[in-house]
Amino acid sequence: ANSSSTDTTSSPNTSSTTGPTQNYTVTNTSSLNDTATTTTNELVTTTTTTEPLRITLATTVEPNATSTTTSGLVPFDLAKFQPAMNTSRLQYPESSPAAVNAGQFAGYSSNGFQLVDDQYIQFQISSSEGARSELRHDPQFASSNAVERSIQARMKIPQPDDGLVSQFTFLQVHSKEFLGNPSGPLLRVVWIDSRNDKTDWLWANIRKSLHPKLNEYVPLQARPNDFFDIEVRVVNSTLSILMDGRYPNPVYNAYNLSHWDPIQTNYFKAGVYLNYNSTGPVVTIFDELTFTV
C-alpha cells in the first residue's frame, strides 16, 4: 500500500431549505496581489505574512444521499461559503477567463458550480463543457515559510461512470510562473480508476524535482463511499497529507519539499479537473472547506 511509482508526465437526503447557522473567522487578512484572470505569463508580486489568513467553513449535518437544490438558492446565499468565494475565483470550464472573480459570486450558479440540498457545494464537469470546475484561492505563499499553510475539506466523491473517467484531480497545491519557472502543480490529489493493481483509489501526485520535471504517484486509500476529511499542510519546506485525522501513507508525513523552495507563488485549488482524456461527467461535493494562508 506504500509503494510508489515515477511518472514523467505532469499533468445528501435532507429536506430543509436552509442550512444551520455557521460561524467563520477571518483574521489577519492580507492583501491579494494576484488579480489577473490567467495563471500564466503574469507579473508576480508576492507578500510575506507572519500570521495566516484563516477561513473556516463548516457544517455538522451528515448527508446520506445526493440531490439537487429545491429552493433556488445559489452557493453565495449561504454565509458559510461566502468567505471562500470572496477570496477565490471560479475557473470553469477552463482556467481562463475566470467564470467568476473573487467577491462577485452573488446570484451565480451553473451546471458546474451549484448548491445541492441547500447546504453543499457541488462541482461538476464533463469534457463536452471543458476541463475543470475549480475554486482557485487567490492568496499566495512560499512552501519554505515557517507559518503553516493548509487546505482542509470534508467532501464526497460519487463513483464516476465506469469507462468514462480514468483520472481526475480534486485538490491542488499549484504555483504561478516565478523567476522563469513555469506555472504548474506541486501536488495533485487525484482519483484514479486503476493503477498498480489498485482500483477506485485516491492518490497523491507530487512534483519531486524542480528540474528536471519529475512526478511521483503515492497511494493514499480506496475512495470512501461517504463523506471524508482530508487536509494538506505545507510548512518549513515539508508537505503532509492527512485523511480522517491520520496519515494514509507515511510517505506524506512531512514530505521533503526543499527542491521547491525557490517558488514563492503557491496557492490552493479545490473542485474537479479532468485528466488523461477522461470525458466524465465527474462530480465532487463539499461540506466543509478551510483555507489557512
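Refer to the structure above for everything that follows.
Residues numbered from 1 in each chain as written. Predicted model: local features only at pLDDT ≥ 70, side-chain atom pairs only at ≥ 80, totals over all residues. Heavy atoms only, no water.

### Thoughts on the side chain of Q124
- With respect to the helices and strands, Q124 occurs in strand β5 (residues 120-125).
- There is a polar contact of 3.2 Å between the side chain of Q124 and the side chain of N111.
- Each residue touching Q124, except ones within four places of it in the same chain, is listed here: Y92, N111, G112, E129, S133, V272, V282 and V283. (Helix = DSSP H or I, 4+ residues; strand = E, 2+ residues; numbered from the N terminus. Polar contact = N/O pair within 3.5 Å; in protein donor to acceptor, adjacent residues only side chain to side chain. Contact = heavy atoms within 4.5 Å.)

### Examining the pairing of strand β15 (residues 266-275)
- With ten of ten residues buried, β15 is to be regarded as a mostly interior element.
- Side chains N266, F268, A270, V272 and L274 of β15 all project onto a buried face; the interleaved residues Y267, K269, G271, Y273 and N275 project onto the opposite face, where all are buried too.
- With five bridges joining them, strand β6 (residues 132-137) and β15 adopt antiparallel strand pairing. Across the sheet, S133 pairs through a bridge with V272, a residue of β15. (Buried < 20%, exposed > 50% of the residue type's maximum accessible area, 1.4 Å probe, protein only. Pairing = 2+ DSSP bridges.)

### As for the pattern of salt bridges
- Counted by the stated rule, this structure contains eight salt bridges.
- The closest approach of N and O atoms between R89 and D138, which form a salt bridge, is 3.0 Å. Residue R89 is found in strand β3 (residues 88-91), and its partner D138 is found in the loop between β6 and β7 (149-156); the two are separated by 49 residues along the sequence.
- Residue classification places R89 among the buried residues on the basis of a relative accessible area of 2%.
- A salt bridge links R154 to D229; the nearest nitrogen and oxygen atoms lie 3.3 Å apart. Separated by 75 residues along the polypeptide, R154 in strand β7 and D229 in strand β12 (residues 228-235) bring together distant segments of the chain.
- Within the structure, one salt-bridge network assembled from shared partners comprises R89, R136 and D138. (Salt bridge = Lys/Arg side-chain N within 4 Å of Asp/Glu carboxyl O.)

### Things to note about unusual backbone geometry
- In the segment running from S96 into P97, the intervening peptide bond is cis, with an omega of 0°.
- In this structure, the amide linkage connecting G280 to the following residue, P281, adopts the cis form with an omega of 10°.
- Among the secondary structure elements, P281 is positioned in the loop between β15 and β16 (282-292).
- With a phi angle near 50°, N236 is a residue other than glycine that sits in the positive phi range.
- Along the chain, the position of N236 falls in the loop between β12 and β13 (238-243).
- Despite not being glycine, Y276 has its phi angle at roughly 55°, a positive value.
- Tracing the backbone through its elements, the reader meets Y276 in the loop between β15 and β16.

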